[in-house]
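Fold and contact review
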Amino acid sequence: MARISDIKTLEDNKILDSKVDYFLHASASIGPEGAILFLGHSTSGKSTIAQILSEKYLLLADDVVQVKRTGKGDYWVADGKDRCRLDSGTPKYYPLNRIARIFKSDRTYAEVVSERQTCRYLADALFEVDIQRKEDDIVRRKQLFIEVAELSRSIDGCRLYFRKDTSADELI
């Protein structure tokens, strides 16, 4: 299992662009290369896959992930469950490395998807979070769409098909 002390974090919020932050309905695990986001609708297995990976990786978030972009265009993520409702202190941010849309299957495998498909998956996850789905400001909604489009161009996406009884070693 990765040790938290070995993983690069971003705690200096001064270098984060506060205009560029949003929440995704997702789970996330922290591996040696950074965070892996797991996207999927309710009951798709986001919590299950995060629990499976917790044998080897650190669990970052189980339901809501906060995404921030630095001025350099790097993406960082934190557990966003409480922060999407109110400010609950300064979280630790981890570099985002991969995005996976998960699907239950009778076998475990992954396939790369296009930036366009990754963007669709991210937009679904974006508007599954109440505060963003209920956003009335059209300018802000457009900004959110632009942000997930930029994210999909910056971070590789895949479809991850997995069995419920998959081991962490099979997923890595």
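Details of the structure are given in the entry above.
Report follows, based on the coordinates. Keep in mind the model is a prediction, meaning the values are calculated, not measured. (Residues numbered from 1 in each chain as written. Predicted model: local features only at pLDDT ≥ 70, side-chain atom pairs only at ≥ 80, totals over all residues. Heavy atoms only, no water.)

**Observations regarding the pattern of salt bridges**
Just so we agree on the cut-off: Here a salt bridge means any side-chain nitrogen of Lys or Arg lying within 4 Å of a carboxyl oxygen belonging to Asp or Glu. By definition, any uninterrupted DSSP run of H or I lasting at least four residues is a helix, any uninterrupted run of E lasting at least two residues is a strand, and each is numbered from the N terminus. With a 1.4 Å probe rolled over the protein chains alone, any residue whose accessible area is under 20% of its type maximum counts as buried; one over 50% counts as exposed, and the rest are partly exposed.
Per the stated rule, a full pass over the model turns up 8 salt bridges. The salt bridge partner of aspartate 169 is lysine 56, with a shortest N-O separation of 3.0 Å. Taken together, the positions of aspartate 169 in helix α5 (residues 168–171) and lysine 56 in the loop between α1 (46–53) and β3 (58–61) put the pair 113 residues apart, joining distant regions of the chain. Relative accessible area serves as the criterion here: at 55%, aspartate 169 is assigned to the exposed category. Across the pair aspartate 165 and arginine 163 runs a salt bridge, and its minimum N-O distance is 2.8 Å. Accessibility expressed as a relative area gives 22% for arginine 163, which makes it partly exposed. Three or more residues joined by partner-sharing salt bridges are found here, namely Arg163, Asp165 and Glu170.

**Some thoughts on the packing of aromatic side chains**
The condition is simple: Here is the rule: rings of Phe, Tyr and Trp (six-membered ring for Trp) pair when centre to centre is within 6.5 Å. Planes less than 30 degrees apart are stacked, more than 60 are edge-to-face, and the remainder are tilted. In this scheme, the term charge over a ring applies when either NZ of a lysine or CZ of an arginine sits within 6 Å of the ring centre and within 35 degrees of the ring normal.
Overall, the coordinates contain 4 aromatic pairs when judged by the stated rule. Where phenylalanine 103 meets tyrosine 121, the ring centres are 6.4 Å apart and the plane angle is 65°; that geometry is what we call edge-to-face. Of this pair, phenylalanine 103 sits in strand β6 (residues 94–104) while tyrosine 121 sits in helix α2 (residues 115–126), placing them 18 residues apart in sequence. Note on phenylalanine 103: relative accessible area 23%, which makes it partly exposed. Residue tyrosine 121 is classed as buried on the basis of its relative accessible area, which comes to 11%. Judged by centre distance (4.6 Å) and plane angle (15°), the ring pair of tyrosine 109 and tyrosine 161 falls under stacked. Here tyrosine 109 is found in strand β7 (residues 109–112), whereas its partner tyrosine 161 is found in strand β8 (residues 157–162), with 52 residues between them in sequence. On the accessibility criterion, tyrosine 109 (27% relative accessible area) is partly exposed. Through successive ring pairs, a cluster of aromatic residues spans Phe103, Tyr109, Tyr121 and Tyr161. Over the face of the ring belonging to tyrosine 121 we find arginine 101, whose NZ or CZ atom lies 5.8 Å from the ring centre. Here the basic side chain of arginine 107 rests over the ring of tyrosine 109, its NZ or CZ set 4.0 Å away from the ring centre.

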